[in-house]
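Architecture at a glance
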Amino acid sequence: MAQITDDCFVFSGPLLPIAEMERLIAERVVPVAGVEQISLRGAIGRVVANDIVAPIDLPPFDNSAVDGIAVRHDQLAIDGETQLRIVDRVTAGRAATHALSDGEAIRIFTGAPMPSGADTVFMQEDCRVEGDKVIVPPGLKRGANRRLAGEDVRQGSVVLPEGRRLAVQDIALAAALGLTVLPVRRRVRGALFSTGNEVVEPGARRPPSAIFDANRLLLIGLLESLGVEVTDLGILPDDPALLAAGIRNAAQTHDLVLTSGGVSTGEADHVRAAVERIGSLVFWRVAIKPGRPVAMGVVPGRTPESGAIFVGLPGNPAAVFVTFAHVVRPLLLRLAGASPQSLIPLPVRAAFSYRKKLGRREYVRVALRKAADGVIEAVKHPQEGAGVITSLTETDGLAELPEEATVVVQGSTIGFLSYAALVN
Ligand code: AMP
Ligand code: MG
């Protein structure tokens with residue numbers, strides 16, 4: 001289980017700035033401890049537990065980057081063509097047995113080892129072959145088209161540092177080094193509830209005043225895309241005792257307990273009180289829109305090794321999405337043992353104007369389009385409500401409007417975070 005520090009700080013005054021929230025997360029969340037060896041197939045998304053050191057050089061030997069003619073550069077005329085005698089032919093996978101002497105050249109192919117003495121390779125399209133002779137042009141630099149052993153990776157260097165979340169290209173690198181397994185941290189175990197008397201399972205009978213549960217499947221997908229082992233614990237009613245019991249039980253066997261709904265200040269919002277009853281709040285109410293009522297807490301287990309981090313997300317699906325990206329994601333990365341990676345908004349042009357409150361960060365759902373002048377523009381979704389699910393399906397990502405801004409002027413540059421980046 002995640003280990004958690006004991007002291008508690010509940011932010012009950014004005015909204016907690018995001019930077020302060022990130023600091024609290026960094027302070028409170030300790031990575032899961034278990035380490036396992038995982039084979040490369042299946043290692044994507046896992047977090048490296050110890051620095052991985054290269055067992056060999058990459059490339060392992062000097063080789064040709066092109067199909068062509070390997071030469072000794074000191075044999076070439078400085079101005080004018082050089083005629084050399086072709087004495088051998090080396091294809092990829094074969095050893096070069098002939099060492100180059102004066103006046104000699106060797107036919108070579110991409111990936112074939114450089115013959116001893118050869119230091120430069122002409123591309124075949126630059127050469128003229130006449131019988132066993134080859135005529136090469138002047139002007140090629142020494143070392144051209146040669147790949148040196150270790151120029152990609154040096155044996156003994158750290159190639160995949162502790163905390164790295166393995167991407168598919170990292171797997172390719174590990175494979176190129178001849179590795180078959182990697183030490184990774186065990187996956188984070190996450191438990192998930194929806195809450196709300198009005199929320200029913202899709203497929204169940206829906207009373208006239210009820211809605212189908214959208215958040216749970218949204219969150220299962222988001223959690224799984226970040227490598228979490230998810231336990232779906234269904235829907236809890238707006239009942240303080242049942243909420244407390246459900247969250248406390250889940251905390252015994254999970255690192256993270258996540259809920260949606262019931263964290264605002266309404267009279268039926270009991271999640272925060274439930275967490276205070278069975279554990280402690282770390283923060284509640286963040287200066288973020290949508291998603292302001294988001295809460296984080298700590299729920300101790302019955303044994304010192306158990307216990308979980310709790311995050312209560314708001315109920316509106318767009319708020320769920322935004323708070324997942326900016327609260328759950330950084331928290332999860334820390335729990336998973338990954339080095340913090342913040343999302344980098346890309347500059348796009350605002351195709352809308354907008355007013356916002358000073359001192360809170362806003363995320364506006366936008367679609368991208370290419371304007372007539374070729375610039376990428378962000379178009380705000382016409383429906384701003386955090387409950388509008390189509391505002392998520394009809395857009396490409398979030399425009400990030402910083403705390404200090406109060407307006408977006410149409411035509412100005414704003415930061416854009418794609419949905420794809422949020423779940424990465
Ligand atoms: P709450 O945060 O509980 O006040 O909920 C805010 C809004 O989100 C309400 O309109 C809820 O009905 C809605 N909501 C809560 N949970 C879900 C859910 N699991 N799926 C879809 N909408 C939800
Ligand atoms: Mg509710």
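Residues numbered from 1 in each chain as written. Chains lettered and ligands numbered in written order. Predicted model: local features only at pLDDT ≥ 70, side-chain atom pairs only at ≥ 80, totals over all residues. Heavy atoms only, no water.

Here's the deal with the sheet that holds strand β20 (residues 295-300)
- The six strands are arranged β16-β13-β17-β21-β20-β18 in an open sheet whose pairing can be described as mixed. Of all strands in the sheet, those with a lone pairing partner are β16 (229-236) and β18 (280-284), marking the two edges. Along the sheet, successive strands turn relative to each other by an average axial angle of 20 degrees, direction set aside.
- Pairing analysis gives six bridges linking strand β13 (residues 189-195) to β16, with the strands arranged parallel. Paired with R189 across the two strands is E229, which belongs to β16.
- Along the sheet, helix α4 (residues 240-253) contacts β13, β16, β17 (256-260), β20 and β21 (307-313); its crossing angle with β13, the most-contacted strand, is approximately 165 degrees. (Pairing = 2+ DSSP bridges. Helix = DSSP H or I, 4+ residues; strand = E, 2+ residues; numbered from the N terminus. Axes fitted to C-alpha atoms, helices over the stretch in contact; angles between N-to-C directions. Contact = heavy atoms within 4.5 Å.)

As for the site of ligand 1
- As a structural note, the neighbourhood of ligand 1 is formed by 15 residues, with E198, D213, A214, G262 and G315 the closest of them.
- Within the side chain of N215, one N or O atom sits 3.3 Å away from a nitrogen atom of ligand 1.
- Contacts to ligand 1 include N316, whose backbone N or O atom sits 3.2 Å from an oxygen atom.
- Of all the secondary structure elements, the ones that give two or more residues to the shell around ligand 1 are β13 and β15 (211-212).
- Looking at the shell around ligand 1 residue by residue, the class counts come to four nonpolar, eight polar and three charged. (Near = heavy atom within 4 Å. Polar contact = N/O pair within 3.5 Å; in protein donor to acceptor, adjacent residues only side chain to side chain. Nonpolar A, V, L, I, M, F, W, Y, C, P; charged D, E, K, R; others polar.)

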